[in-house]
Amino acid sequence: MNTLDTRPVYLTAASVFNAAGSECADLHGPLTIAQPLDFDPARLAYCVKTPRLPADVFDRKIQRGVEPQGARLLYCAGRIAPALSALNLPSQRIALMAAIPEVDGPSSCWDAVQAIGEQPDALLAQLFAHTPPLHALMMLNSSVMAHVAQALHCNGPMGGFCSQGNAGVDALIEAFHHIADGRAEAAVVVSSSPNISPALYLRENAECPVNAGPQLYGEGAAAVLLTSSAPTSGPMALRVAGFGRGYSASPERSNAVANSVIKQALSQEKLCLSDVERIVADTQDSRLMSLFAETGRVIHSSRQMTGDLGASALLTEVALTFHDDRSERAQAHYTLLLNHSRAGHWGALLLANEVMEKHA
Amino acid sequence: MRLREVYVTGYGLVAPMALDAAMLFSRISQKRSCIREHPVFAELGFANTAAGYIDHHQWQEMTAEVQSDALPRQSVLAEYVARQALQNAGLTPSAFARVASGLFLGSNKYCVSQDLQQASRYMDEAGSVDLDLYLQNHEPVGGAFSRRVDQQTLHLARFLGIRDHISTHSDACAAGTMAIGSAYRAIERGEIDLAICGAVELMAHELSYYSFDGLGAVCQRSDFAADQQSRPFMPDRCGFVLSEGSALIVLESRPHAERRKATPIGRILGYANYCEAQKITSSSRDGSKYAECMAAAIENAGLTSRAVEHVNTHGTSTQANDRSEALALKQVFGDAVSNVTFTANKSAIGHSLAGSGAIEAVLSLISLHSGVLLPTLNYDPDKAEFPELNFLSEPLHQPINVVLSNSFGFGGVNSSLILGRA
């Protein structure tokens, strides 16, 4: 059950950064092509360069003090800072939720690993020589969140979720509850994919995934701004209308869980699937596609432009939906976004693009 | 608006030198520290070798119970503690598959130095890790860097048959408390009826030590004996002592607990969590942000500060945290501070990061249930920096009804729980 009988929650701003580009519109651009990895040319992925952080939002020293995945996340957070600032809210009423996978590593130890290879007898000495003192903090997700909080003046509720597949769902839903329950007026929701490094493949291969699929990863980040009041520009507003989540370690139960999750997401608005105009889901996920096989629906996905963005996948799709639904041609309709992690998590988000009443 | 009452019906815990909660509680009541010299730190010649660590004997016991040599240690620990919690609650794993249920776990990092030794075996001539060579090997799950931080969450989810809500919190030292808080809110809202929540953290190894020592965060005074180094709120406190451990709590909605005639051990009455937005390592020097968090938790419980009788402090034994927390406590309780008793469990256990909030919540629940308040080790009231705070230096038999438990994490993640008697 999700209790949506409290305050409405709207999407007010969004930003992305991935192989397609740094604008949501780039996800409608020319198809991006996965490239061979530097450390394993037999594998393809959608890698990106570490972005420069906006100097008007972040102290420039932070650029050197975060991992690339943290930098991507900060970049996206900085892009929604103006929209947040325009709300003129007390900082205690601004929540911050993050979906951040664990930092590889410690990743600087890849230098240490190489150094150990050169001097295997001095293993720990090489490790310590190549691990900077601040690395303890760089390894903690809360440090990246602290940079966001400080720069965007978030003093409200805060939470960080680190599991790869469902962290984005958890962060979004938690942010929703903080606003709906009156603990915040706005919520910054940030997310990042992991860095593409040998560690990512080692981690993913260590366990047999419930939802195995092609390992075509991408690097990226996304941030959205949720608010208790609808945006004042434009006639339309995108509202969080429902959500659901579930889990099954057993592939046999997967469809049942998925249907239950979809039903949860649609239930508040008393909808059925045919009422939803747009469905967003990974078209490479056969189990996901099987849910809609008989409906004949067109399923939308930007994954072919970005690769699997892990914790940032859902928010990237949310950001794109926000962008598309603000266009002049947008009509009132529902969008259902579905997320299915390799570990077996299911998440569903229902967004309602609706016409705001005059003077609302 | 309060929706549903949330009961605590069971718990499990493993900490350094303690394989269950009763053992730990008894040990601290007898003022016996769980901190000692870490053999690996000594072997490596670290300047300071004090740590709270789960030893070989404990791992043997846990591995025998869980009956798996292939599981990574975080998962062994998580399952062992979960089994304790279920037994304590009178539940079997199948209970979680029958109702709307959730698993909320706090954990920050999987990081073990053995990973590097393994990775170094798969280097090519240039010293780079050869991924294909590594992946071709048939080693069991001991792969370097092949652990996910949420592995124990997934393992427990499978073990318990959780079907609705699974999340892994990574909020540094506050992760355990925040996992409990999230579970509490999910039940209170009516999303789920049953939850198991808490934290698993294994940080007492050389890599973490080196990392935190580089920050100047761990105790620098090797002239203090190991069991004296964690000395929260004392003027000569000198940094925290690295530790590890796990605690899990079973939460149920009141209707669910009553339907199965469960005996509640306690209640979660309130919770709050806020963001400092200061620098990543510091907190507000005047304690105001800590105070706001505590006050919000008390208000969430529908109480005033005068209802709080005992506080389980975050009390890390760092100069910065303890001072900020002391100032905050004085702000929250005002003139009534003399009516409140305080404890700092990390004086006995050390700082187990995510584990600490969950472990301290369990110890608080036992105090509520038993009417025994735990002493703070290494605390001398005559030399106290904050004499107005009534830290117990001896165990005290005194029934209490409401405990406030704090966890303030790196990155400015502040969280407070209000726990009540059943």
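Position numbers for residues count from 1 along each chain, tracking the sequence in the order it is written. The naming scheme follows written order: chains are lettered A onward, ligands numbered 1 onward. Only residues with pLDDT of at least 70 are given local features in this predicted model, and only at 80 or more are side-chain atom pairs given and counted; all residues enter the totals for whole chains, interfaces and linings. With hydrogens and water excluded, all non-hydrogen atoms of the structure serve as input to the side-chain values.

Going by what an unreviewed UniProt entry lists, chain A is known as Beta-ketoacyl synthase and is assigned to Pseudomonas fluorescens.

In terms of regular secondary structure, chain B is built from 15 helices and 15 strands. Each residue's exposure class comes from its accessible area (1.4 Å probe, protein chains only) as a fraction of the maximum for that residue type: buried when under 20%, exposed when over 50%, partly exposed otherwise. When the 422 residues of chain B are sorted by exposure, 67% land in the buried category. In what follows, a contact means two residues having at least one pair of non-hydrogen atoms within 4.5 Å. Of the contacts made within chain B by residues no fewer than 6 positions apart, 78% connect residues no fewer than 24 positions apart. Taken as a whole, chain B presents about 13600 Å² of accessible surface, with 47% of it coming from carbon and sulfur. In this text, helices come from DSSP runs of H or I with a minimum length of four residues, and strands from runs of E with a minimum of two, each type numbered from the N-terminal end. All accessible areas in this document rest on Shrake-Rupley with a 1.4 Å probe, and a residue is counted as covered only by the protein chains that are shown.

A few words now on the nonpolar core. Counting 87 residues, the largest nonpolar core has A:Leu74, A:Val188, B:Leu24, B:Ile249, B:Leu251 and B:Ile268 as the members making the most contacts within it. When neighbours within four sequence positions are excluded, A:Val188 is seen to be in contact with A:Ile80, A:Leu84, A:Ile94, A:Ala95, A:Leu96, A:Met97, A:Val148, A:Leu152, A:Cys154, A:Val224 and A:Leu225. Residues enter a nonpolar core if they are buried and are Ala, Val, Leu, Ile, Met, Phe, Trp, Tyr or Cys, with the set joined through side-chain atoms within 4.5 Å. In this structure, A:Cys24, A:Ile173, A:Ala184 and A:Phe243 belong to the second largest nonpolar core, which totals 36 residues.

Residues and elements named next belong to chain A. Expected span of a helix: the number of residues minus one, times 1.5 Å. For helix H6 (residues 141-152), built from twelve residues, the straight-helix expectation of 16 Å at 1.5 Å per residue is met to within 8% by its first-to-last C-alpha distance of 17 Å. Among the twelve residues of H6, ten are classified as buried, and the element is accordingly described as predominantly covered. Along H6, the positions that sit buried rather than exposed are Asn 141, Ser 142, Ser 143, Val 144, Met 145, Ala 146, His 147, Val 148, Ala 149 and Leu 152. Once H6 ends, the next one or two residues include His 153, with phi positive near 60 degrees.

Next up on the list: the domain arrangement of chain A. Residues and elements named next belong to chain A. Delimitation of the domains relies on an automatic or database domain assignment. What the domain assignment lists for chain A is domain 1 (10-227) and domain 2 (236-359). When domain 1 packs against domain 2, close to 3900 Å² is buried across both sides, 67% of that on carbon and sulfur atoms. Salt bridges, as used here, are contacts in which a Lys or Arg side-chain nitrogen is within 4 Å of a carboxyl oxygen on Asp or Glu. At the surface where domain 1 touches domain 2, the tally comes to one salt bridge. Here Asp 170 makes a salt bridge to Arg 245, at a shortest N to O gap of 2.7 Å. Each polar contact in these results corresponds to two N or O atoms within 3.5 Å; when the atoms are within protein, one needs to be able to donate a hydrogen and the other to accept it, and residues that are neighboring in sequence are counted only if both atoms are side-chain atoms. Where domain 1 meets domain 2, there are ten residue pairs in polar contact (both at pLDDT 80 or more). Listed by contribution, the elements that provide at least two residues to the side of domain 1 that touches domain 2 are strand S1 (10-17), helix H7 (167-180), strand S6 (186-192) and strand S7 (221-227). If one sorts the elements of the side of domain 1 that touches domain 2 by residue count, H7 sits on top with eight residues. Classifying every residue of the side of domain 1 that touches domain 2 gives 32 nonpolar, 19 polar and four charged. Joining two parts hides part of their accessible area as seen by a 1.4 Å probe, and the buried area is that hidden amount summed over both. Side-chain classes are defined by residue name, with Ala, Val, Leu, Ile, Met, Phe, Trp, Tyr, Cys and Pro counting as nonpolar, Asp, Glu, Lys and Arg as charged, and the others, Gly among them, as polar.

Below, the discussion takes up the packing of aromatic side chains. All names here are of chain B. When two rings of Phe, Tyr or Trp (its six-membered ring) have centres within 6.5 Å they constitute a pair, described as stacked for plane angles under 30 degrees, edge-to-face for angles over 60, and tilted for the intermediate range. For the coordinates displayed, the defined rule picks out eight aromatic pairs over all chains. The interplanar angle of 45 degrees and the centroid separation of 5.2 Å between the aromatic rings of Tyr 379 and Phe 391 together place this pair among those described as tilted. Note that Tyr 379 is positioned in the loop between strand S11 (372-373) and strand S12 (390-391) and Phe 391 in strand S12, a separation of twelve residues in sequence. As far as the burial class goes, Tyr 379 and Phe 391 line up, both buried. Here the aromatic cluster, defined as three or more aromatic residues joined through ring pairs, consists of Phe 233, Phe 333, Phe 342, Tyr 379, Phe 386 and Phe 391. Counting as a charge over the ring demands two things of the Lys NZ or Arg CZ atom: a distance within 6 Å of the ring centre and an angle within 35 degrees of the ring normal. A cation over an aromatic ring shows up here: Arg 36 above the ring of Tyr 53, its NZ or CZ 4.3 Å from the ring centre. For Arg 221, the ring lying beneath its charged end belongs to Phe 224, and the centroid distance is 4.3 Å.

Before going further, it helps to examine empty space enclosed by the protein. Residues and elements named next belong to chain A. Points on a 1 Å grid, built from protein atoms alone, make a cavity when a 1.4 Å probe fits but cannot get out and make a pocket when they are open with protein on both sides within 12 Å along at least 5 of 7 lines; residues with an atom within 4 Å of a point are the lining residues. Grid points are joined across faces, edges and corners, and a volume is the space filled by probe spheres set on the points. By the definition in use, this model includes eleven cavities of 30 Å³ or more. Taken together, 19 residues form the lining of the largest cavity, with Arg 303, Ala 313, Leu 314, Glu 317 and Asn 339 sitting closest to its centre. Only helix H11 (303-306), helix H12 (313-325) and strand S11 (333-340) provide two or more residues apiece to the lining of the largest cavity.

Our focus in this paragraph is the packing of helix H4 (residues 73-89) of chain B against helix H8 (residues 151-160) of chain B. Residue and element names in this part refer to chain B. Interaxial distance between H4 and H8 falls to 9 Å at its minimum, and their mutual angle equals 40 degrees. Classed by the angle they form, the pair H4 and H8 counts as oblique. Considering only the axes of H4 and H8, their crossing is right-handed. Every residue of H8 that contacts H4 at Gln 74, Ser 75, Ala 78, Glu 79, Ala 82, Arg 83 and Leu 86 is listed here: Gln 151, Gln 152, His 155, Leu 156, Phe 159 and Leu 160. Grouping the constituent residues of the contact of H4 with H8 by class yields six nonpolar, five polar and two charged. Axis lines are fitted to C-alpha atoms, over the contacting stretch for helices. Their N-to-C directions set the angle, which ranges from 0 to 180 degrees. For classification purposes, angles smaller than 35 degrees are called roughly parallel, those larger than 145 roughly antiparallel, those between 65 and 115 roughly perpendicular, and all remaining angles oblique. Each helix crossing is assigned a hand: it is left-handed if the near helix lies turned anticlockwise from the far helix by less than a right angle, otherwise right-handed if that turn is clockwise.

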